[in-house]
Amino acid sequence: MSNELLSPVEMAEADRLAIATGPFNGIGLMRRAGAAVAAVVLARYPAATPVHVLCGPGNNGGDGYVVARLLAEAGVDVAIWVSGKPRAGSDAAIAAAECPVAPRPLTAFAPDFGSIVVDALYGAGLSKSLPVDATNAIDFARSLLLPVVAIDLPSGVSGDTGAVLGEEAFRADITVTFARKKPGHLLLPGRELCGEIVLADIGIPDSVVNDLIPRTFENKPALWVGNLPVPATDAHKYKRGHAGVFSGGPSTTGAARLSALAAARAGAGAVTVLSPADAMQINAAHLTAIMLRRSDTVADLNNFIGERRPSAFVLGPGFGVGERTRDLALAILRAGRQGAASGIGGLVLDADGITSFRDEPASLFEATREPHAPALVMTPHEGEFARLFSDIAADKSLSKLAKARAAAQRANAVVVYKGADTVIVAPNGLAAINGNGAPWLATAGSGDVLAGIIAGLLAQGMAVFAAAAAAVWIHAEAGRRFGPGLIAEDLPLAMVPVLRELVEAKQADAI
Ligand SMILES: NC(=O)C1=CN([C@@H]2O[C@H](COP(=O)(O)OP(=O)(O)OC[C@H]3O[C@@H](n4cnc5c(N)ncnc54)[C@H](O)[C@@H]3O)[C@@H](O)[C@H]2O)[C@@H](O)CC1
Ligand SMILES: [K+]
């Protein structure tokens, strides 16, 4: 796998271990990094002249000196603008000494139309807001709309958090990074500022990365496809799991039906909408393959569990906020106390289900720690997250990833912290950051569909973190491929080709 994400500190450690293991020493890795960037510049901007390479004081600048040398050797007109000299004896100092292009101070940076910028000011080592010579250079390049190729990260962007440290950062067209991506390449606004990301192999062995035991991954099928449920030849519908989805009252039933349909498309063999008595007629008029059952009280729920052996639930979409919501959620989490026989793989708590616990989150978090409690998956967007985890949400020192980690640990739940950069985290800290989202997914009901996909996978017995991560990717992929005009109703059907490819990939892998 190459979808591990390394923090800048882990990357520096990988770098150190790789140098210790060989075959490349520090300047060797730097030459390879610079060569990868130069190749991208030559391939993508063959007519650019001149190429302005902006070099900072650290190893990011060192990569820049290598790029400038290689471009000059290839006959390209190159200028170097420097902010801070490399430390004597450093790899960057060696790269600077090998570079035939005369450096000029960044304060004198004066590009023309038609030129391009290689941003080698700061990379993984950025520790504070950019100095003024850097921000002036950014403003200058932006005013001329110059294409920017960033080395490792656009200067100003934190590799840890994706945040801009200070006021300004480069907005790159292409970012060339090395060995593995960092969280800042996927978390916003970093992802936007990176442009296209090219991942270059500079000779850091996979074994070095594995030795670091990474806990954070880009959410890609390789992470969970082996776990994706595929029905066995002798499958019958209840072997494929049974998902229960709670419907709201007469005027808010649509959200549950969207979840239910998504759970069915995700492969749950049976799906039942659990409807209040006064919404039965409306639900009945709109359901075909999905079953319908009256359920108003916790007693009704317990009867359903006892009779129909559901294996997953969705509670929240269109359901309403309040005590009844809390009671039902806690009853599901306690249903596991009857022993493993209850067979409930998990509860997906979404929307109103999350908000209902705003004033008493501890009751939910305690219930998840009961022996045999079914797994809890929560799918908050930013507002819902802040309602349940207000202190964590308010902590400006934490990235979205760190916030989701703190929340997952506190709640003992898988937290799917939604947004254009959805983060999925397990209580033990295992995390995935999603990168295939598309703006088309920002549409009413989209979250209801996601909750349903998670429940559909859980119902079939998929491991909880894998189910949540897979659902996020599948949902995003379906929306991305559908594109303009997408509404939530389209998503369940748009998932079908995505699922087909995943099942085929899993089967091909198994051969
Ligand atoms: N880790 C790896 O695998 C490799 C890393 N390489 C490069 O090395 C880079 C990391 O190098 P460094 O750790 O030297 O870090 P950087 O080159 O990103 O920056 C560190 C230097 O800038 C200073 N600095 C940081 N933020 C500043 C700010 N806002 N204003 C003023 N000064 C600031 C630091 O004190 C330090 O001197 C990577 O981004 C990558 O480009 C490559 O050379 C090859 C291998
Ligand atoms: K950079």
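All values derive from a computational prediction rather than experimental measurement. (Residues numbered from 1 in each chain as written. Chains lettered and ligands numbered in written order. Predicted model: local features only at pLDDT ≥ 70, side-chain atom pairs only at ≥ 80, totals over all residues.)

**So, the overall build of the protein**
The test is simple: Starting at the N terminus, helices and strands are each numbered in turn, a helix being any DSSP run of H or I of at least four residues and a strand any DSSP run of E of at least two. Our radius of gyration is a C-alpha quantity, and the globule rule it is checked against amounts to 2.2 Å times the number of residues to the power 0.38. Counting other C-beta atoms within 10 Å of a residue's C-beta gives its exposure: the residue is buried at 20 or more, exposed at 12 or fewer, and partly exposed in between, where C-beta atoms are placed from the backbone. A pair of residues counts as a contact when their C-beta atoms, built from backbone coordinates, are separated by no more than 7 Å.
Along the protein, the regular secondary structure elements total 19 helices and 17 strands. Here the C-alpha radius of gyration of the protein, 26 Å, is about what a compact globule of 511 residues would show, namely 24 Å. Taken across its 511 residues, the protein has 53% of its residues classed as buried. Contacts in the protein between residues at least 24 apart in sequence constitute 75% of all its contacts with a sequence separation of at least 6.

**Quick notes on the domain arrangement of the protein**
The criterion, for reference: Each domain's extent is set by a domain assignment, obtained either automatically or from a database.
By domain assignment, the protein separates into domain 1 (8–213) and domain 2 (221–510). Distance from the C-alpha centre of domain 1 to the C-alpha centre of domain 2: 41 Å.

**Quick word on the sheet that holds strand S11 (residues 291–294)**
Note the cut-off: Two strands form a pair only when DSSP identifies at least two bridges running between them. For helices, the axis comes from a line fit to the C-alpha atoms of the stretch in contact; other axes are also lines fit to C-alpha atoms, and the angle between any two N-to-C directions lies between 0 and 180 degrees.
Spatial strand order, S8-S17-S16-S15-S14-S13-S12-S9-S10-S11: ten strands in an open sheet with mixed pairing. Unpaired on one side and paired on the other, strand S8 (216–218) and S11 mark the two borders of the sheet. Put simply, the sheet's adjacent strands are angled 20° from each other on average, direction ignored. Summarising the sheet, strand S14 (residues 375–378) and strand S15 (residues 414–417) pair through two bridges and their orientation is parallel. The residue bridging methionine 378 from the neighbouring strand is valine 415, located in S15.

**Here we look at the site of ligand 1**
Stated precisely, the cut-off is as follows: To decide whether a residue is near a molecule or strand, its C-beta atom is placed from the backbone and checked for lying within 6 Å of it.
The environment of ligand 1 is formed by 30 residues, the closest being Gly58, Asn59, Asn60, Gly123 and Gly125. Elements with a minimum of two residues in the shell around ligand 1: helix H1 (8–21), helix H2 (26–44) and helix H3 (59–73). For the shell around ligand 1, the element with the highest residue contribution is H3, accounting for five residues.

**Regarding the nonpolar core**
Heads up, the rule is: By definition, a nonpolar core groups buried Ala, Val, Leu, Ile, Met, Phe, Trp, Tyr and Cys residues that connect through C-beta atoms lying within 7 Å of each other.
Residues Ala263, Val414, Ile454 and Ala468 are the most contacted members of the largest nonpolar core, which totals 166 residues. No other element matches the 13 residues that helix H18 (residues 464–482) contributes to this core. Mapping this core onto the domain boundaries places at least three of its residues in each of domain 1 (8–213) and domain 2 (221–510).

**A closer look at the environment of alanine 48**
Along the chain, alanine 48 turns up in the loop between H2 and strand S1 (51–55). Look at alanine 48 and you get buried, because 21 C-beta atoms sit within 10 Å. Considering only alpha carbons, one finds alanine 48 and glycine 114, 66 residues apart in sequence, at a separation of 6.3 Å. Filtering out sequence-adjacent residues up to four positions away, alanine 48 remains in contact with Ser115 and Ile116.

**Points about helix H8 (residues 254–265)**
What counts is decided by this rule: An expected span of 1.5 Å times one less than the residue number is assigned to each helix.
With twelve residues, H8 should cover 16 Å at 1.5 Å per step; its first-to-last C-alpha distance of 17 Å lies within 8% of that length. By the criterion of burial, H8 is predominantly enclosed, with twelve of the twelve residues buried. For H8, every residue scored as buried is listed here: Gly254, Ala255, Ala256, Arg257, Leu258, Ser259, Ala260, Leu261, Ala262, Ala263, Ala264 and Arg265. Positive phi shows up at glycine 267, right after H8, with a value of about 115°.

**Here we look at the packing of helix H10 (residues 298–308) against helix H11 (residues 323–335)**
Our working rule: Two helices crossing with the near one rotated counterclockwise from the far one by less than a right angle form a left-handed crossing, whereas a clockwise rotation gives a right-handed crossing. When residues are grouped by polarity, Ala, Val, Leu, Ile, Met, Phe, Trp, Tyr, Cys and Pro land in nonpolar, Asp, Glu, Lys and Arg in charged, and all others, Gly among them, in polar.
Closest axis-to-axis distance for the H10/H11 pair is 10 Å, and the angle between their directions is 30°. In this structure, H10 meets H11 at a crossing whose hand is right-handed. Residues Val298, Leu301, Asn302 and Ile305 of H10 form the contact with H11, whose own contacting residues are Asp327, Leu328, Ala331 and Ala335. Of the residues that constitute the contact of H10 with H11, the class distribution is six nonpolar, one polar and one charged.

**What to know about the pairing of S15**
The two faces of S15 match: Val414 and Val416 on one face and Val415 and Tyr417 on the other face are all buried. Relative to strand S16 (residues 423–425), S15 runs antiparallel, the two being bridged by three bridges. Residue pairing in the sheet places valine 416 in a bridge with isoleucine 424 of S16. The hairpin formed by S15 and S16 contains five residues between the paired strands, and glycine 419 there has a positive phi angle of roughly 150°.

**Some words on the UniProt feature "binding site: K(+)" (unreviewed entry) in the protein**
Spelled out, the test is: UniProt positions are given in the numbering used here, feature names are shortened, and annotations may be inferred rather than shown by experiment.
Taking the numbering used here, the UniProt-annotated feature "binding site: K(+)" (unreviewed entry) corresponds to Asn60, Asp119 and Ser155. A maximum C-alpha distance of 9.6 Å among these annotated residues, which run over 96 residues, shows that they cluster at one spot. Once residues lying within four places of it in the same chain are set aside, the contact partners of aspartate 119 are Leu54, Val148, Val149, Ala150, Ile151, Pro154, Ser155, Phe170 and Ala172. Take serine 155: it is sitting in the loop between strand S5 (148–151) and strand S6 (174–178).

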